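Residue-level listing of the chains:
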Amino acid sequence: MHDKLSRLIDRLFRKMIVPFLGAGVSYNADPDGLTRTPDMIRRLAQKLILEAEKSIELAKFLLCICGKQDGTEVDLCIDKLCNAGMAVLAEVYIHLHNEVKACNILRVAEFCDLEPTPTHCYIAYIAREGYINEIITTNYDTCMEKAYEKSFNRNFTSRQVRVVTNLSEYRHFIDDSNPKYPLLHIYKINGCAKKFKEDPQNEAANIVLTERQLQNWRENKWAQDMFRDRCRTRSILFSGFGSEEPQIRHTVLQVMDEFINNGQNSGNNVEVWDYENSPFIAEWGEMTFYQFQILSSYLRAHGLTQITINEVQEGAFTKSDKELFDRYLPWNGKNLEMEQFWGVVYLLFIQRLLSEKYFSPGSKFSNYLPISLSIQQLLLQEFRQEILGQGGNEFKLQDLFIWDQKVSNLQASALHHRILFPGEELEPYNYYAFRDEPVALCMLYFLWWLCYRAYNYKDKSWLLLCAEGKALVRIFVAEDNNIKIPVYVCGRDGYYNLSQLVMDDKLPYSLGLIFVLNGYGLEPKVFPISNIIDSQLDIIQFYIIPDVYCFSNSCQSLEDILEGIRNLITDPAKIKREAVHWKKWVEETYQ
């Protein structure tokens, strides 16, 4: 992994990243084109030109804005007028009319109808894991809060996102969130489309449009102070933000001056980019002058004088880095799309999260495994290397954590949903974080790996897990004496509602096995499923076995575990024959 990408993931893993989201993040939100700044500018310009047809004085004034003081009304060109920019045209229109009419021309209220992009979802999913708790944005749309809210199952009603647009909300919010799930703060420093739609007369003035508003932070001291504090103490990741808004740029430069005055670099051997508050910039194309200005000022504040472009690039991810990102998530085109950027960030984050938090000694999952510490450490180490890609190996679960546009979800979400909410329909954008149910979700991938390991997976291609029916995930299909035996897993709720385990498709099997994840305390069961093949009624015997039974009290080595799994798959009835012995072992192990 490249140094700067590694530094970003490390900073994210230590909860030091605050994303600053600009218009580029919502660029591809549907309906298409609504939030794109060039389109918004053009709508204003068209309206002004129509009004100039009725006013010679206005036409002359607009010609001056275009740089044609001696021109006539015929010379008024919409393309040149658009070059004046949003802030200038908005200020002209508001002086002629008012803020409400300007917002209506820009269709600000319709920004509430935009659907989240995969970029918003990747950011929301990192937040769900508890590693992003604040987002600053200049966007009016509601895509970010929608992505976060929709990531929860529909049965979850606790308020988990806090949108802040004014001082009162910043100071007087009562935290009524569910303590089990992270609360996300979204600071909308340029206003919010939803609030404008609800109360246009009072909220229009809070939608930042003009140069004057931009220069003085819309007179919102709280937003300026909040942003200053985050620049001082956290790493701001500017994403989809061209940094052309003067209030942002000037505030960053002022904070950089503070570092010079306080001698942050004096006598310190820390590498400049390794400070906890070093900024990052993610840009679709090449780095802009304003982005260069932010990064170079950071370097100057820390003692560098003659600064090269390469040194500045250490804090920026641009189209020049696309080849680096293509190694993890290949993408069409020459530019670094924000979906590719955040997709790679999420992949590398989830890979590290699983390796260092959930499949490591001392984790909740490792404490659940009823095996000796030495065998446990060996198993977890091999799993991290072979499956999670530790040590530079392939991350074999990667395809499960890439956005699937057809279903508006990750493949992993479909798997986790069947484990945690059997019988319910998976909705778009739903996400099930490992922090929610670490034991069950970790065991899902661990048993999948053990089954392939038990049957010498190295001689076969890896087959990813597959969601089936309403409550099952197929992890493996074993073959014994030309008889195929499917191996599934389900959650505890599936165990208590066996009727939900029935699959929709006809199964060409006579025997099956279902492991219950996080199944400590449950007893094995036999559950027959009726299946009709070629007009013939067939009964499939499914043996439902708690996951802990995969690790018997005779497991003294890795091979013992694998042999035990092979025996369970080929002869699951042994659980019933030895029920008393197994139950006693489980009780003694977890007492």
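Just so it is clear, the structure is predicted and the values come from calculations on it, not from any experiment.

Rules of the game
Residues numbered from 1 in each chain as written. Predicted model: local features only at pLDDT ≥ 70, side-chain atom pairs only at ≥ 80, totals over all residues. Heavy atoms only, no water. Helix = DSSP H or I, 4+ residues; strand = E, 2+ residues; numbered from the N terminus. Buried < 20%, exposed > 50% of the residue type's maximum accessible area, 1.4 Å probe, protein only. Pairing = 2+ DSSP bridges. Contact = heavy atoms within 4.5 Å. Axes fitted to C-alpha atoms, helices over the stretch in contact; angles between N-to-C directions. Salt bridge = Lys/Arg side-chain N within 4 Å of Asp/Glu carboxyl O.

Undergrad: Hey, could you run me through unusual backbone geometry in this one?
TA: Peptide bonds are trans in most cases, and residues, glycine excluded, mostly fall at negative phi. Unlike most non-glycine residues, K15 shows phi in positive territory, near 60°. Its identity is not glycine, yet Y429 carries a phi of approximately 80°, on the positive side. Here Y429 lies in the loop between α21 (411–420) and α22 (438–454).

Undergrad: Help me out: how do you make sense of the pairing of strand β13 (residues 511–516) in this one?
TA: Residues in a regular strand point their side chains to alternate faces of the sheet. For β13, the tally of buried residues reaches six of six residues, placing the bulk of the element in the interior. Of the two faces of β13, the one lined by L511, L513 and F515 and the one lined by G512, I514 and V516 are each fully buried.

Undergrad: I would appreciate a short explanation of the sheet that holds strand β7 (residues 316–317) in the present structure.
TA: Strands in a sheet are paired, the pairing made by backbone hydrogen bonds, and the direction either parallel or antiparallel. Across the sheet, seven strands lie side by side as β3-β4-β2-β1-β5-β6-β7; this open sheet has parallel pairing. Each of the sheet's edge strands pairs with one partner strand only, and the pair in question is β3 (161–164) and β7. Contacts from helix α13 (residues 221–233) reach β1 (17–21), β2 (134–137), β3, β4 (184–188) and β5 (235–239), with the element oriented near 125° to β2.

Undergrad: What's the story with the pattern of salt bridges in this structure? I'm lost.
TA: Should their charged atoms come close, side chains of opposite charge can pair. According to the stated counting rule, one finds 21 salt bridges in the structure shown. A salt bridge links E382 to R453, with the nearest nitrogen and oxygen atoms 2.5 Å apart. Residue E382 is found in helix α20 (residues 373–386), and its partner R453 is found in helix α22; the two are separated by 71 residues along the sequence. Both residues of the pair, E382 and R453, belong to the buried class. It is possible to trace a salt-bridge network through shared partners that takes in D10, R11, R14, E276, R352 and E356.

Take it as geometry only, folks, not as evidence of what the structure does.
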